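Spelled out from the first residue to the last, the chains are:
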Amino acid sequence: LISAYGSRLRESGFVMMSYDPPGQGKSQGDMLALNDAKRLRSIQDAIAYLKNYPSVMKDAITLIGYKGGGYLAIEAARGAEGVSSCAALLMPAQPEKPEPSLKRMRSKIQGILKAESLGSFDDTYISTVTRLLDDHISGILGSNNPLSYFMGTKLPAEAYRDILGRKTYQTLFAVNTPFLLVF
């Protein structure tokens, strides 16, 4: 997606720099060793590099990010000198406790069962999953362990806590540059 946008922007005469943070895509480094502060420093380094590039207008840099990178692009745009605008593509919603979305799911399932005259819905499974997810998220946020596991994958707990603690909506309301949010 970013490559397609980048090609179109280059064809239109824009200077385009696409990069992967350490450990992602073709970039060297350990992605699991990153937290949001390190990711934001990486974006700031990219901005500094661009500002030294001869054909770049130093006060008209636009950041574009995809999913989690969209969140980080908007976060990095806050107060970044030279950044005049930002675009976030498919920015993830703020993590929420599973209960509200599972409540909606229960209601939908119950509606379908009622419409088809199939009786009532036993939500024991959904209630169990909700409790387990709540316990997992609370455990991660309250833990001081350096490592955590999610679905069998070992993760650095600091970076995982950063992702779980992101305040997407607060970041959007605090950004002081024009931005485009594409879902």
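Our subject is the structure that appears above.
One structure accompanies this document, and this report is about it. (Residues numbered from 1 in each chain as written. Predicted model: local features only at pLDDT ≥ 70, side-chain atom pairs only at ≥ 80, totals over all residues. Heavy atoms only, no water.)

### Remarks on the overall build of the chain
Along the chain, the regular secondary structure elements total seven helices and five strands. Relative to the compact-globule value of 16 Å for 183 residues, the chain shows a C-alpha radius of gyration of 21 Å, a clear excess of over 25%. Projected onto its principal axes, the C-alpha coordinates of the chain cover approximately 70 × 40 × 30 Å. In the chain, buried positions account for 30% of the 183 residues. In the chain, the share of contacts with a sequence separation of at least 24, taken over all contacts with a separation of at least 6, comes to 54%. Looking at charge distribution, the chain has the averaged site of its 21 positive side-chain charges lying 2 Å from that of its 17 negative ones. (Helix = DSSP H or I, 4+ residues; strand = E, 2+ residues; numbered from the N terminus. Rg over C-alpha atoms; globule rule 2.2 N^0.38 Å. Buried < 20%, exposed > 50% of the residue type's maximum accessible area, 1.4 Å probe, protein only. Contact = heavy atoms within 4.5 Å. Lys, Arg positive; Asp, Glu negative; His and termini not counted. Charge placed at Lys NZ, Arg CZ, Asp CG, Glu CD.)

### Focus: the pattern of salt bridges
Across all of its chains, the model carries four salt bridges by this definition. Put simply, Arg 78 and Glu 75 hold a salt bridge, and the shortest N to O gap is 3.5 Å. Residue Arg 78 is classed as partly exposed on the basis of its relative accessible area, which comes to 36%. Several salt bridges converge on common partners, so that one network encompasses Asp 36, Arg 39 and Arg 166. (Salt bridge = Lys/Arg side-chain N within 4 Å of Asp/Glu carboxyl O.)

### A look at helix α5 (residues 124–141)
Taking 1.5 Å of rise per residue, the 18 residues of α5 would be expected to cover 26 Å, and the 26 Å separating its terminal C-alpha atoms lies within 8% of that figure. Taken together, the buried positions of α5 are occupied by Ile 126, Thr 130, Ile 137 and Ile 140. The arc that holds the buried residues of α5, viewed along the axis, is 105°, so those residues lie on one side. (Expected span 1.5 Å × (residues − 1). Arc of directions from axis to C-beta.)

### Details of the packing of helix α2 (residues 36–51) against helix α3 (residues 68–77)
For any two helices packed against each other, one specifies the inter-axial angle together with the distance between the axes. Between α2 and α3, the least distance of the axes is 10 Å, while the angle of their chain directions is 70°. Judged by the inter-axis angle, α2 sits roughly perpendicular to α3. At the point where α2 passes α3, the crossing takes the right-handed sense. Residues Asp 36, Arg 39, Leu 40 and Ile 43 of α2 form the contact with α3, whose own contacting residues are Tyr 71, Leu 72, Ala 73, Glu 75 and Ala 76. Split by residue class, the contact of α2 with α3 holds six nonpolar, no polar and three charged. (Axes fitted to C-alpha atoms, helices over the stretch in contact; angles between N-to-C directions. Parallel < 35°, antiparallel > 145°, perpendicular 65-115°, else oblique. Left-handed = near helix turned anticlockwise from the far one by under 90°. Nonpolar A, V, L, I, M, F, W, Y, C, P; charged D, E, K, R; others polar.)

### Section: the environment of Ile 140
Position of Ile 140 relative to the elements: it lies in helix α5. Classification of Ile 140 as buried rests on a relative accessible area of 8%. Between the C-alpha atoms of Ile 140 and Lys 103, which are 37 residues apart in sequence, the distance is 23 Å. Discounting residues that sit within four places of it in the chain, Ile 140 has contacts with Ser 148, Tyr 160, Arg 161 and Leu 164.

### Side note on α3
Most of α3 is tucked away: eight of the 10 residues are buried. Taken residue by residue, α3 has Gly 70, Tyr 71, Leu 72, Ala 73, Ile 74, Glu 75, Ala 76 and Ala 77 as its buried positions. Tucked into the core, α3 has its buried residues touching α2, β1 (61–66), β2 (83–89), α7 (168–174) and β5 (179–182). One or two steps after α3, the chain reaches Gly 79, where phi turns positive at roughly 75°.

### Structural notes on the environment of Lys 67
Positionally, Lys 67 belongs in the loop between β1 and α3. In this structure Lys 67 comes out as partly exposed when scored by relative accessible area, which is 43%. Measuring from C-alpha to C-alpha, the distance between Lys 67 and Arg 8 comes to 20 Å, with 59 residues separating the pair along the chain.

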